[in-house]
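# Working through the structure, step by step
Below, each chain spelled out in residue letters.
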Amino acid sequence: MAISLSGRTMILAFAALTVGAAQPPSHLGAAPLGLEPAVRGNGPATAEQGDLTILTYNVKGLPWPLAWERDAALARIGDRLRRLRAAGRQPRVVLLQEAFTDTAKRIGRDSGYRHSAFGPGLEGPATGRPALAEKAFLGSANPLKGEGIGKITDSGLQILSDYPILDVRTAAFSATACAGYDCLANKGMVAVLIAVPGRATPVAIINTHLNARKASGVSPERALEAYRRQFEELDRFRARVVPRGVPTIIAGDLNVGRSPERRALAHAVVGRWLNRKSIALTGGSLRACFVAGAPCGSAMPRDAARALRHNKDWQIALPAAGAELVPQAIDVPFGIESDGTMLSDHIGYAVRYRLQTARRAA
C-alpha cells in the first residue's frame, strides 16, 4: 500500500470510506483443500486442454485519498483482459492484489472469468493469548501509523480462473504479523484448488500480499519483523492446506525488493520448500526464466526484466511427487504503455507452465 498522506490525516480519511464490495466470510485454512464442487462459478468449465498460464498483478486498486483517479486505469485493465480473451490469449488464472475498490473487484466479471475466489474479508484475524514476545511487539504499536486500531478494509486479494475452482481456503495474518499502515488492511492468503482440463492432477494456487517496507511508515526493523512472521504464517498455511501430491504455485506481491534481509529470508524459505539452494531457482519462476538454459527461451520481454529488478511480484512453482509445473514462457500483458505510463505501479506478468506428471499419477 503506497501511502502519501500524513499518518493522522490518512487514517481519518481512510476510515471514513466504505471500501469495496461485500465479501463472503473468510474461513481459516484449518483443513486441506479438497475435491469439492466448484465454488463461485459463473458458467460451465472450459473443455480446452493445454498448459496453465498464471498472471500475477498488483493493480493498485486503492481508494481516494490513497490514490487518485484509479477507476479509469482499473477499467482499462479489465478491458485488456477481455480483449485478450477475444483473441484467445488470456491468462487462464489471474491473481490480483490491492483489489480494494468496487471497480477493482469487477475486473474478473468484466473480463469474462467464470470462477473467482476472494481473500480474507473485513473481519480480523483469529485472536488468542499472545506470547511474551508478541505482547512486546503489540505493546509498541503506533496508532498514528495504522497499528492497533483494527481493520478498515479487506485483504484486496482475488483469484480469477477459467478453470473450475474445486475448493477455497483463506487465512488472515495474525495481529502480531503486520506493521504500520499495512495493518489497516486484513492482509493474508487465499488458496484454491483448480482442475486443469485434460490433466488428472489438480493444481493448488496461493495468492498473498506481504508487508511493505518503506510504505508501511514504520522502522525497517519493525517492518522486517512483521514480514518474517508473515512468511512463517504463509509457510504453515501452505503445509496445512495443500494436499499431498498436488503441485503448487505460490504467488503475489511478496514485497522483497532490494532489502538484503528480505531477500535472504525469501530465498531461505523458498529454498526449504524446493530443497534447493540455488538463488536462481529459489528466486521464483521469473528469475529462473532469465537463467541461461532455462526453458523459457532467450527472448524475454523487456518489461519482464523490469519486474525482475523490482523484485516484488513473484511466482514460485513447487513440485509434488509425480507432478511438476515447469515454466515455458513469460508474457507481460501489463507493462509500460506506448506513452510511457503504466496502469499500475507494478508490472503484471504471466508465466505459462506445463504440468508434467508421471504415468502413475494418471
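Residues numbered from 1 in each chain as written. Predicted model: local features only at pLDDT ≥ 70, side-chain atom pairs only at ≥ 80, totals over all residues. Heavy atoms only, no water.

Labelled according to an unreviewed UniProt entry, the chain appears under the name Endonuclease/exonuclease/phosphatase, originating from Allosphingosinicella deserti.

## Considerations on the environment of Pro-164
We count it as follows: Note on conventions: DSSP H or I runs of at least 4 residues are helices, E runs of at least 2 residues are strands, and numbering of each starts at the N terminus. For the exposure calls, accessible area comes from a 1.4 Å probe over protein chains only, and a residue counts as buried if that area is under 20% of its type's maximum, exposed if over 50%, partly exposed in between.
Residue position: Pro-164 is located in the loop between strand 4 (158-161) and strand 5 (165-172). On the accessibility criterion, Pro-164 (15% relative accessible area) is buried.

## Remarks on unusual backbone geometry
Notably, Asn-255 is not glycine yet its phi reads approximately 50°, a positive angle. Its place among the elements puts Asn-255 in the loop between strand 8 (248-253) and helix 7 (260-274). According to the relative accessible area criterion, Asn-255 is buried, its value standing at 7%. With a phi close to 60°, Asn-311 is a non-glycine residue in the positive phi region. As for its placement among the helices and strands, Asn-311 is situated in the loop between helix 10 (302-310) and strand 9 (313-318). Overall, the relative accessible area of 7% leaves Asn-311 in the buried class.

## Topic: helix 2 (residues 71-86)
Filter applied, for reference: In this scheme, a helix's expected span is set at 1.5 Å multiplied by one less than its residue total. In what follows, a contact means two residues having at least one pair of non-hydrogen atoms within 4.5 Å.
An ideal rise of 1.5 Å per residue puts 22 Å on 16 residues; helix 2 measures up with 23 Å between its terminal C-alpha atoms. Tucked inside the fold, the buried residues of helix 2 contact strand 1 (52-61), helix 3 (102-105), helix 4 (107-110) and strand 10 (323-334). The positive-phi residue at the C-terminal boundary of helix 2 is Gly-88, with phi of around 75°.

## Focus: the sheet that holds strand 4
Across a sheet, paired strands are connected by hydrogen bonds in the backbone, their directions being either parallel or antiparallel. How we decide: Note on pairing: two strands pair once DSSP finds at least 2 bridges between them. Note on geometry: axes are lines fitted to C-alpha atoms, helical ones only across the stretch in contact, with angles between N-to-C directions running from 0 to 180 degrees.
In space, the six strands of this open sheet follow the order 3-4-2-1-11-10, with mixed pairing throughout. Every other strand in the sheet has two partners, leaving strand 3 (115-118) and strand 10 as the edge strands with one partner each. Direction aside, neighbouring strands of the sheet carry axes that sit 20° apart on average. In this structure, strand 3 lies alongside strand 4, joined through four bridges in antiparallel fashion. The partner of Phe-118 across the bridge, within strand 4, is Gln-158.

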